[in-house]
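# Residue-level structural notes
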Amino acid sequence: MSRAALLVLADGRFPAGGHAHSGGAEAAVRAGRITGVADLADFCRGRLHTAGLVAAALAGAAALGRDPVELDAAADARTPSPALRLAARKLGRQLMRAARATWPAPELDALAREFPKGAHQPVVLGLTARAAGLGPEEAAYCAAYESVSGPATATVRLLSLDPFDATAVLARLAPELDQVVERAVAAARRVAAEGVDALPACSAPLLEIAAEAHAAWPVRLFAS
Amino acid sequence: MHLDHSHPATPAVSADAHRPDGTRRAVRIGLGGPVGSGKTATVAALCRALRDELSLAVVTNDIYTREDAEFLLREAVLPPERITAVETGACPHTAIRDDISANLEAVEDLEDAVGPLDLILLESGGDNLTATFSKGLVDAQIFVIDVAGGDDIPRKGGPGVTTADLLVVNKTDLAPYVGSDLARMAADAKAARGELPVVFQSLRGESGVAEVAGWVRQRHAAWTAQA
Ligand SMILES: Nc1nc2c(ncn2[C@@H]2O[C@H](COP(=O)(O)OP(=O)(O)OP(=O)(O)O)[C@@H](O)[C@H]2O)c(=O)[nH]1
Ligand SMILES: [Mg+2]
């Protein structure tokens, strides 16, 4: 395993479409649920332990080589909002393109053929990590970190928040990220014996509901 | 690209000149430039000028609305299925340069839905003078400025003005009203761009987009000739 490959994959500049998504932050800002740095920290913590944990476990399982088609169905089942499913598939397709150009692998080609309009992003992320020679922990770290770094950078743009404060929020979450990744990988390892039901299924209802409303706004800065 | 030869059914990666089935894909031309300079108006005029001779489609990259796409739909310059809007997360320059994945998806989907296409025009939302298109996304780019945005823009330069394959100075009809010195703009553009072409146009004038349409025709012919 090359640890440097993890830096390439986790880099916020990795060209896989994330910059156009706020992870629900735009809707939360408009609803007055994020007004400053303290709210941002709460929002990110909530997202990390719900959507972040689920994404990390899916990515971990895909990195372990579990059947991506089953994992994709598990991701669908864990994503009630059609708007969020669509966003996850779009991002999965964009990541797939970047992944196939950076770490060409037959497994990625096969998944691209299976899902020409995109599989769920965490599943693609896990397979990308695998193609890059990374393991389930690394894949889970990428997914968990993305679940909070997206909203943090989006909020800097939306509220003109001090970027140092937003980065500090992410840094303070690091110990919790470690815990989430540990739980996620433990669940991912159980999939081989127990099937995808071993994966966590904790959702954040407000994120799902707000995403549906957000998708219908005529004017918005972010795609989700 | 090598990936696609072994797996003809998988979509192309980035700047591949061929479609998955091996045929040459549409030539892709980007239009960038400051807010309100006339990018959408130029795209609309190009569609009207070229739609009878070329199979074409448009991708727009708005900052926070679908206004450009909606304008093109309202004007009915092309059937709706040939116009796609990409969402840019408040950063059109990122979507056309640093992370082109959403635009490549849009291009691919257009080829799938209404292709084979000869020409795809990609408009960037009005941004700044440094916004340029990635070579992974477009084969040539047009930078559109206007005389009303200040006649010192060609002198200020920036990657758009200095490196675009074609510089269009639009709204020459307004020059007398805003006191812009067209001769000076032409001289400054020449100094900044050397041999690269510059077109002065007014979409309100008689010849309209004709010169730019001619340039686009040439690019398309050159692209097809490379096959
Ligand atoms: N007088 C004059 N007006 C023009 C000309 N070309 C465009 N316009 C007008 O300029 C305004 C802006 O044109 P658009 O085509 O929307 O500009 P744009 O560059 O697409 O703008 P953004 O996408 O918002 O950055 C519109 O009201 C057009 O009708 C021209 O040659 N002469
Ligand atoms: Mg426009």
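In what follows, the structure referred to is the one given above.
In this report, the structure presented in the accompanying data block is examined. (Residues numbered from 1 in each chain as written. Chains lettered and ligands numbered in written order. Predicted model: local features only at pLDDT ≥ 70, side-chain atom pairs only at ≥ 80, totals over all residues. Heavy atoms only, no water.)

## A word on the overall build of chain A
Per the secondary structure count, chain A includes eleven helices and zero strands. Going residue by residue from the N terminus, the α and β elements of chain A occur as α-α-α-α-α-α-α-α-α-α-α. For 224 residues, the compact-globule formula gives about 17 Å, and the C-alpha radius of gyration of chain A, at 16 Å, lands near that figure. C-alpha extents for chain A along the principal axes are approximately 45 × 35 × 35 Å. Per-residue burial for chain A yields a buried fraction of 55% across its 224 residues. Look at the contacts in chain A between residues 6 or more apart in sequence, and 81% of them connect residues 24 or more apart. Of the roughly 9500 Å² that chain A leaves accessible, carbon and sulfur atoms contribute 58%. Separation between the mean location of the 23 positive side-chain charges and that of the 23 negative ones in chain A comes to 5 Å. (Helix = DSSP H or I, 4+ residues; strand = E, 2+ residues; numbered from the N terminus. Rg over C-alpha atoms; globule rule 2.2 N^0.38 Å. Buried < 20%, exposed > 50% of the residue type's maximum accessible area, 1.4 Å probe, protein only. Contact = heavy atoms within 4.5 Å. Areas by Shrake-Rupley, 256 points an atom, 1.4 Å probe, with all protein chains shown as cover. Lys, Arg positive; Asp, Glu negative; His and termini not counted. Charge placed at Lys NZ, Arg CZ, Asp CG, Glu CD.)

## Overview of the coordination of the magnesium ion (ligand 2)
Distances from the magnesium ion (ligand 2) to its protein donors, namely Thr40 of chain B (OG1), Asp68 of chain B (OD), Asp68 of chain B (OD) and Glu123 of chain B (OE), fall within the range 2.0 to 2.7 Å. Geometry at the magnesium ion (ligand 2) is irregular, judged from its six donor atoms and the angles of 51 to 173° they form at the metal. (Donors = N, O, S within 2.8 Å, 3.2 Å for Na, K, Ca; no water. Tetrahedral: all angles 85-135°; square planar, octahedral: opposite > 155°, others 65-115°.)

## Focus on the pairing of strand β2 (residues 56-62) of chain B
Residue and element names in this part refer to chain B. Counting buried positions along β2 yields seven of seven residues, so the element is predominantly enclosed. Where burial is concerned, the two faces of β2 agree: the one with Leu56, Val58, Thr60 and Asp62 and the one with Ala57, Val59 and Asn61 are both buried. One ladder, built from six bridges, connects β2 with strand β4 (residues 119-124); its direction is parallel. Counted as the bridge partner of Val59 is Leu122 from β4. Across five bridges, β2 lies against strand β3 (residues 83-87) in parallel orientation. Counted as the bridge partner of Thr60 is Ala85 from β3. (Pairing = 2+ DSSP bridges.)

## Some words on the interface of chain B and chain A
The interface of chain B with chain A comprises 28 residues on the first partner and 25 residues on the second. Roughly 2200 Å² of surface becomes buried between chain B and chain A when both sides are summed, with 51% attributable to carbon and sulfur atoms. Across the contact surface, chain B and chain A share seven salt bridges. We note a salt bridge from Glu108 of chain B to Arg93 of chain A, for which the minimum N-O separation is 3.3 Å. If you list the elements that add at least two residues to the side of chain B that touches chain A, you get α1 (2-6), α4 (92-98) and α5 (101-114) of chain B. Looking at the side of chain B that touches chain A element by element, the count peaks at seven residues for α5 of chain B. (Buried area = accessible area lost by both parts, 1.4 Å probe. Salt bridge = Lys/Arg side-chain N within 4 Å of Asp/Glu carboxyl O.)

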